[in-house]
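Below are the chains, spelled out letter by letter.
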Amino acid sequence: MRHITIIFLLLLYSCGRGQEAAYIYDDASMWYRPTPAQEKAADIFYVTPTCIWDYADKNGITHHNMNPKDSSQRAAVDYANRLAYNLFGESCNFFSPYYRQMTMNPWFWTPSEFTPLLKAPQDDIKEAFSYFIENINRGERPFILAGHSQGGRMVLELLKQMSGEVHERMVAAYIFGWEVTDEDAGYQYVIPAADSLDRGVTICINSVARVEAVSPLLSHNTLAINPLSWQRDTVTAGGNLGCCFFDFQGQLKEVVYGVTAKLDIGTNTLVVRGLNPDKYYHHSIEKLFGRGNYHIEELNLYFLNIKQNVARRIAAARDGQPRQAAQPSICQLSSAISLDLIAW
């Protein structure tokens, strides 16, 4: 009986840690899929950031991974989806899977403690992407990969495992608010963007008001360019078409002009000028993202520039322009989108 009790407790613990088999994505309810006015010539597979905190089930068990079937948790995630849809939906058919994202709380633990909890989201995203490629995209359209924060990490994992056949159809991968390390950059299809139109490349985006505000979790980034100039230089770049901020319903609330960005080579992070960092400070995540870190705002800071760039890269793919061979080197893009959501 004692052995049976121990096994039962281990099973409960495993469930709380989110180690069940991957979800199946042939169920339409597992996708955030807004109905477009018309089908677009390209698709996007988008992975949401962390939007969920730890929660207890009816048995009092604390869970560290999202329940994709829970309507209240899906509602929290959908704010991030609406924001991304505003950014990508004009050019792309938008597909975003609900997945067992790791909750916010474990990010405050040590990496050795929280890393096992990332297996569940990785399994789900791998399964969802396979379904997307085989049953939705089906090789009929070029596609974009994008993800924010934890979602950016998931996109990076997909790039590491991607086949050449699939990569041939990928327009670009936009990684917002995650790092690409030297080890990551060694994978065949983690290719730094070299200009505004090359395809099959990775664009990594992180922004701060000052270099001291770089997050300890993102301190090993080696992939950086400036999305205002599409260059890897340290010149302060203007040309920001507009930072766009939205309400919880996804309606445009404010557009800010005149924001500049300068790439800091030492940290491979964009240093932003033209915003008040106190306005974007979130005390609840200060340990990871202190005052002056624009992690939560990663999608908005260069919103109109990224939106324009997505359309131009897709047009280049559609028109059959040759894919440019980018040389693996330092490339990171730093962008910020203002979500008043605690998303990591």
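Data block above holds the structure.
Residues numbered from 1 in each chain as written. Predicted model: local features only at pLDDT ≥ 70, side-chain atom pairs only at ≥ 80, totals over all residues. Heavy atoms only, no water.

So, on to the packing of helix α4 (residues 119-137) against helix α5 (residues 150-161). Between α4 and α5, the shortest axis-to-axis distance is 10 Å and the interhelical angle comes to 60°. In terms of axis orientation, α4 runs oblique to α5. In this structure, α4 crosses over α5, and the sense of that crossing is right-handed. Note on element contacts: α5 touches α4 through Gln150, Arg153, Met154, Glu157, Leu158 and Gln161, opposite Pro121, Gln122, Ile125, Lys126 and Phe129. Class assignment for the residues of the contact of α4 with α5 results in five nonpolar, three polar and three charged. (Axes fitted to C-alpha atoms, helices over the stretch in contact; angles between N-to-C directions. Helix = DSSP H or I, 4+ residues; strand = E, 2+ residues; numbered from the N terminus. Parallel < 35°, antiparallel > 145°, perpendicular 65-115°, else oblique. Left-handed = near helix turned anticlockwise from the far one by under 90°. Contact = heavy atoms within 4.5 Å. Nonpolar A, V, L, I, M, F, W, Y, C, P; charged D, E, K, R; others polar.)

Turning our eyes to something else, we now look at the sheet that holds strand β9 (residues 207-208). Here three strands make up an open sheet; going across it, the order is β9-β14-β13 and the pairing mixed. Of all strands in the sheet, those bounded by a partner on one side alone are β9 and β13 (260-264). In this sheet, strand β14 (residues 269-273) lies alongside β9 in parallel orientation, the contact comprising two bridges. Each bridged residue has a counterpart across the sheet, and for serine 207 the counterpart in β14 is leucine 270. (Pairing = 2+ DSSP bridges.)

Taken as a whole, the largest pocket encloses approximately 300 Å³ of empty space. In this structure, the largest pocket is lined by 16 residues; those nearest its centre are Arg153, Trp178, Glu179, Thr181 and Asp184. Ranked by residue count, the leading element in the lining of the largest pocket is α5, at four residues. Within the lining of the largest pocket, the residues separate by chemical class into six nonpolar, four polar and six charged. Size it by volume and the second largest pocket reaches roughly 200 Å³. (1 Å grid on protein atoms, 1.4 Å probe; cavity = no way out; pocket = protein on both sides within 12 Å on 5 of 7 lines; lining within 4 Å. Points joined across faces, edges and corners; volume = space filled by probe spheres on them.)

It is worth spelling out the packing of aromatic side chains at this point. One pass over the full model with this rule turns up 23 aromatic pairs. Ring plane angle 45° and centroid distance 4.7 Å describe the contact between tyrosine 79 and phenylalanine 248, whose orientation is recorded as tilted. Of the two residues, tyrosine 79 sits in helix α2 (residues 71-88) while phenylalanine 248 sits in the loop between β11 (243-246) and β12 (252-256), which places them 169 residues apart along the sequence. Classification of phenylalanine 248 as partly exposed rests on a relative accessible area of 41%. Relative to phenylalanine 143, the ring of phenylalanine 132 lies with its centre 6.1 Å away and its plane at 80°, an arrangement referred to as edge-to-face. Of this pair, phenylalanine 132 sits in helix α4 while phenylalanine 143 sits in strand β6 (residues 143-148); the two residues are 11 residues apart in sequence, bridging distant segments of the chain. The buried category is assigned to phenylalanine 132, whose relative accessible area is 0%. Here the aromatic residues Tyr25, Trp31, Phe45, Phe95, Phe129, Tyr131, Phe132 and Phe143 are joined through ring pairs into a cluster of three or more. Over the ring of tyrosine 281 we find arginine 291; its NZ or CZ atom is 4.0 Å from the centre of that ring. For arginine 313, the ring lying beneath its charged end belongs to tryptophan 230, and the centroid distance is 5.2 Å. (Phe/Tyr/Trp six-rings, centres within 6.5 Å; stacked < 30°, edge-to-face > 60°. Buried < 20%, exposed > 50% of the residue type's maximum accessible area, 1.4 Å probe, protein only. Lys NZ or Arg CZ within 6 Å of the ring centre and 35° of its normal.)

This brings us to the pairing of strand β2 (residues 42-47). The buried fraction of β2 amounts to six of the six residues, a majority that puts the element mostly inside the structure. Burial of the side chains of β2 extends over both faces: Ala42, Ile44 and Tyr46 are buried on one face and Asp43, Phe45 and Val47 on the other. Pairing between β2 and strand β5 (residues 92-97): four bridges, direction parallel. Of the residues in β5, the one forming a bridge with phenylalanine 45 is phenylalanine 95. In this sheet, β6 lies alongside β2 in parallel orientation, the contact comprising five bridges. Paired with phenylalanine 45 across the strands is leucine 145, a residue of β6.

Tracing the sequence through the fold places asparagine 206 in the loop between β8 (201-205) and β9. In this structure the side chain of asparagine 206 is engaged in a polar contact, spanning 3.0 Å, whose partner is the backbone oxygen of tryptophan 178. (Polar contact = N/O pair within 3.5 Å; in protein donor to acceptor, adjacent residues only side chain to side chain.)

Taking 1.5 Å per residue, 19 residues should reach 27 Å; α4 reaches 25 Å between its end C-alpha atoms and fits that length. Those residues of α4 that sit buried are Ala120, Pro121, Asp124, Ile125, Ala128, Phe129, Phe132, Ile133, Ile136 and Asn137. Each element contacted by the buried residues of α4 is listed here: β1 (31-32), β2, β5, β6, α5 and α6 (164-167). (Expected span 1.5 Å × (residues − 1).)

Spatially, the six strands line up as an open sheet ordered β1-β5-β2-β6-β7-β8, and their pairing is mixed. Bordering the open sheet on either side are β1 and β8, each of which pairs with just one other strand. As judged from the five bridges shared by strand β7 (residues 170-176) and β8, these two strands associate in the parallel manner. Considered in β8, the bridge of isoleucine 175 is made with cysteine 204. With respect to the sheet, α5 is in contact with β2, β6, β7 and β8, its orientation differing from that of β6 by roughly 140°. Packing of helix α8 (residues 303-318) onto the sheet brings it into contact with β2, β5, β6, β7 and β8, and relative to β7 it is tilted by some 160°.

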